Amino acid sequence: MTTTALQEPVRENPTGAPTARKLRRRTGRAHRALLPYLLLLPALLLELLVHLVPMVIGVMMSFKELVQIYIRDWSSAPWAGLGNYRMSVDFDAPVGAALLHSFLVTVGFTLLSVALCWLIGTAAALFLQDSFRGRGLLRALFLVPYALPVYAAVITWVFMFQHDNGLVNHVLHDQLHLTGKPAFWLIGDNSFYALLTVSVWKGWPFAFLVVTAGLQNIPGELYEAAALDGAGMWQRIARITLPSLRPVNQVLILVLFLWTFNDFNTPYVLFGRAAPDAADLVSVHIYQASFVTWNFGTGSAMSVLLLLFLLVVTGAYLLVTSRGRRGADA
């Protein structure tokens, strides 16, 4: 006689406790969810060490009378409160007047540099948008100023701007006869134009690179349809290219503004520790206030004021551009 064994059905856990398989699944999901944060942890710790910790120390230093005699133990410097900030914004006093002059020079220099970098970079990107023989070589040549190390590039311009044997005076005065006599480019009022030239030469390839990447996302069918409708080159640029590049240009202009306003390497290598009044940027001015006059308390206060100014400008710019983007989408 054959008997068939009946298998008992699997019953649920009467106590409602999770089974081992469910626990393993939950643990695996938790590990996968935590893995990205664990991978980011070294970068976050390095960011705290490199940026945030010195920033906090700089803010603390701005509230102290930190001069040369307290350098070895800056924590023992007398407490100044808001004295350094009042001195920096007192535009009737020499320190405040010099900072205001440097700020105005930096604003004018930044606006001109950003505008020229964007204009030249956009024009170059539009010129190289269509395929032709030698386009790859021109793209590589256009990116050379951006790829060169800052010190090597700027020190080359220093030799070119020399009064007696510089290439700039040789071309402008000796060959083209555009000036009555060789100009001094690294001192006096001409130093502003020399700094602007180097900044634009060094910065426009970045604008060219970003705009070139943005042009790749514009469908070619739009240009073909516009050409069939009789739109000329300038109409296609105004009606298709620039509106399509608006999100790219918004980020590009902000990045160029922040980089140019904070630029220290270019004026320092071009002019040295003491920049002329016409090219006295805020970054070099703060350096002089801190490491030349050894008044680190005032220099730290100026740095904090500069940080607050850039935060306000960045916030206002992002607010205006986001509203404009929402209005355009509506």
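Residues numbered from 1 in each chain as written. Predicted model: local features only at pLDDT ≥ 70, side-chain atom pairs only at ≥ 80, totals over all residues. Heavy atoms only, no water.

Draft legend 1. The arrangement of the overall build of the protein in detail. Counting its regular elements, the protein contains 14 helices and 0 strands. Counting from the amino terminus, helix and strand elements in the protein follow one another as α-α-α-α-α-α-α-α-α-α-α-α-α-α. Scaling as 2.2 N^0.38, a compact globule of 330 residues should have a C-alpha radius of gyration of about 20 Å, whereas the protein reaches 30 Å, well beyond that. Overall size of the protein, expressed as C-alpha extent along the three principal axes, is 125 × 75 × 40 Å. The buried share of the protein, reckoned over its 330 residues, is 33%. Long-range contacts, defined here as pairs at least 24 residues apart, represent 65% of the contacts in the protein between residues at least 6 apart. Of the accessible surface of the protein, which amounts to about 21200 Å², a share of 67% is contributed by carbon and sulfur atoms. (Helix = DSSP H or I, 4+ residues; strand = E, 2+ residues; numbered from the N terminus. Rg over C-alpha atoms; globule rule 2.2 N^0.38 Å. Buried < 20%, exposed > 50% of the residue type's maximum accessible area, 1.4 Å probe, protein only. Contact = heavy atoms within 4.5 Å. Areas by Shrake-Rupley, 256 points an atom, 1.4 Å probe, with all protein chains shown as cover.)

Draft legend 2. Focus on the nonpolar core. With 51 residues, the main nonpolar core has Phe161, Leu195, Phe208, Leu256, Leu270 and Phe271 as its most contacted residues. Listed by contribution, the elements that provide at least two residues to this core are α3 (94-127), α6 (150-160), α8 (190-215), α9 (220-228), α11 (246-261), α12 (265-271), α13 (282-292) and α14 (296-329). Looking at which element gives the most residues to this core, the answer is α8, with 12 residues. Residues in contact with Phe161, not counting those within four places in the same chain, are Val168, Trp185, Leu186, Ala194, Thr197, Val198 and Leu270. (Core = buried A, V, L, I, M, F, W, Y, C linked by side-chain atoms within 4.5 Å.)

Draft legend 3. Spotlight on the packing of aromatic side chains. Scanning the model with the defined rule gives 23 aromatic pairs in all. Taking 6.4 Å as the distance between ring centres and 80° as the angle between the ring planes, the aromatic pair formed by Phe109 and Phe192 counts as edge-to-face. Within this pair, whereas Phe109 is found in helix α3, its partner Phe192 is found in helix α8, the two being separated by 83 residues in sequence. Both residues of the pair, Phe109 and Phe192, belong to the buried class. Between the aromatic rings of Trp294 and Phe296, the centroid separation amounts to 5.9 Å while the plane-to-plane angle is 65°, which identifies the pairing as edge-to-face. (Phe/Tyr/Trp six-rings, centres within 6.5 Å; stacked < 30°, edge-to-face > 60°.)

Draft legend 4. Local environment of the packing of α3 against α11. Orientation of α3 relative to α11, taken along the N-to-C sense of each, is 140°, at an axis distance of 9 Å. Comparing their axes, α11 and α3 come out oblique. Like other packed secondary-structure pairs, α3 and α11 cross with a definite hand, here right-handed. Here Phe103, Thr106, Val107, Phe109, Thr110, Ser113, Val114, Cys117 and Trp118 of α3 lie close against α11, whose contacting residues are Asn249, Leu252, Ile253, Leu256, Phe257, Thr260 and Phe261. Among the residues forming the contact of α3 with α11, the class breakdown is 11 nonpolar, 5 polar and no charged. (Axes fitted to C-alpha atoms, helices over the stretch in contact; angles between N-to-C directions. Parallel < 35°, antiparallel > 145°, perpendicular 65-115°, else oblique. Left-handed = near helix turned anticlockwise from the far one by under 90°. Nonpolar A, V, L, I, M, F, W, Y, C, P; charged D, E, K, R; others polar.)

Draft legend 5. Inspection of the packing of α8 against α11 at higher detail. Running from amino to carboxyl end, α8 crosses α11 at an angle of 160°, the nearest separation of the two axes being 10 Å. Of the possible angle classes, the one that applies to α8 and α11 is roughly antiparallel. Crossing handedness for the pair α8 and α11: right-handed. In this structure, α8 contributes Ser199, Gly203, Phe206, Ala207, Val210, Val211 and Gly214 to the contact, and α11 contributes Val248, Asn249, Leu252, Val255, Leu256, Trp259 and Thr260.

Draft legend 6. Quick peek at unusual backbone geometry. Here His177, not a glycine, exhibits a phi torsion of approximately 55°, which is positive. Among the secondary structure elements, His177 is positioned in the loop between α7 (167-175) and α8.

Draft legend 7. Fine view of a positive patch on the surface. Together, Arg21, Arg25, Arg26, Arg29 and Arg32 line one region of the surface with positive charge. By secondary structure assignment, the location of Arg29 is in helix α1 (residues 20-61). Overall, the relative accessible area of 48% leaves Arg29 in the partly exposed class. (Patch = residues over 30% accessible without salt bridge, like charges linked within 9 Å, V, L, I, M, F, W, Y side chains within 5 Å. Salt bridge = Lys/Arg side-chain N within 4 Å of Asp/Glu carboxyl O. Lys, Arg positive; Asp, Glu negative; His and termini not counted. Charge placed at Lys NZ, Arg CZ, Asp CG, Glu CD.)

Draft legend 8. Quick peek at the environment of Val158. With respect to the secondary-structure elements, Val158 resides in helix α6. Assessed through its relative accessible area of 12%, Val158 is described here as buried. Along the backbone, Val158 and Tyr223 are 65 residues apart, and their C-alpha atoms lie at a distance of 44 Å. Those residues in contact with Val158, other than ones at most four positions away along the chain, are Leu186, Val269 and Leu270.

Draft legend 9. Layout of the environment of Gly214. Topologically, Gly214 is positioned in helix α8. Each residue touching Gly214, except ones within four places of it in the same chain, is listed here: Leu245 and Val248.

Draft legend 10. Quick peek at the confidence of the model for the protein. Of the residues in the protein, 91% reach a pLDDT of 70 or more, and the chain-wide mean stands at 86. Confidence drops under pLDDT 50 across residues 1-11; counting only partners more than four residues distant or on other chains, this segment forms 0 contacts. (pLDDT = per-residue confidence, 0-100.)

Draft legend 11. Main features of the side chain of Ser113. Tracing the chain through its elements places Ser113 in helix α3. Judged by its relative accessible area of 0%, Ser113 is buried.

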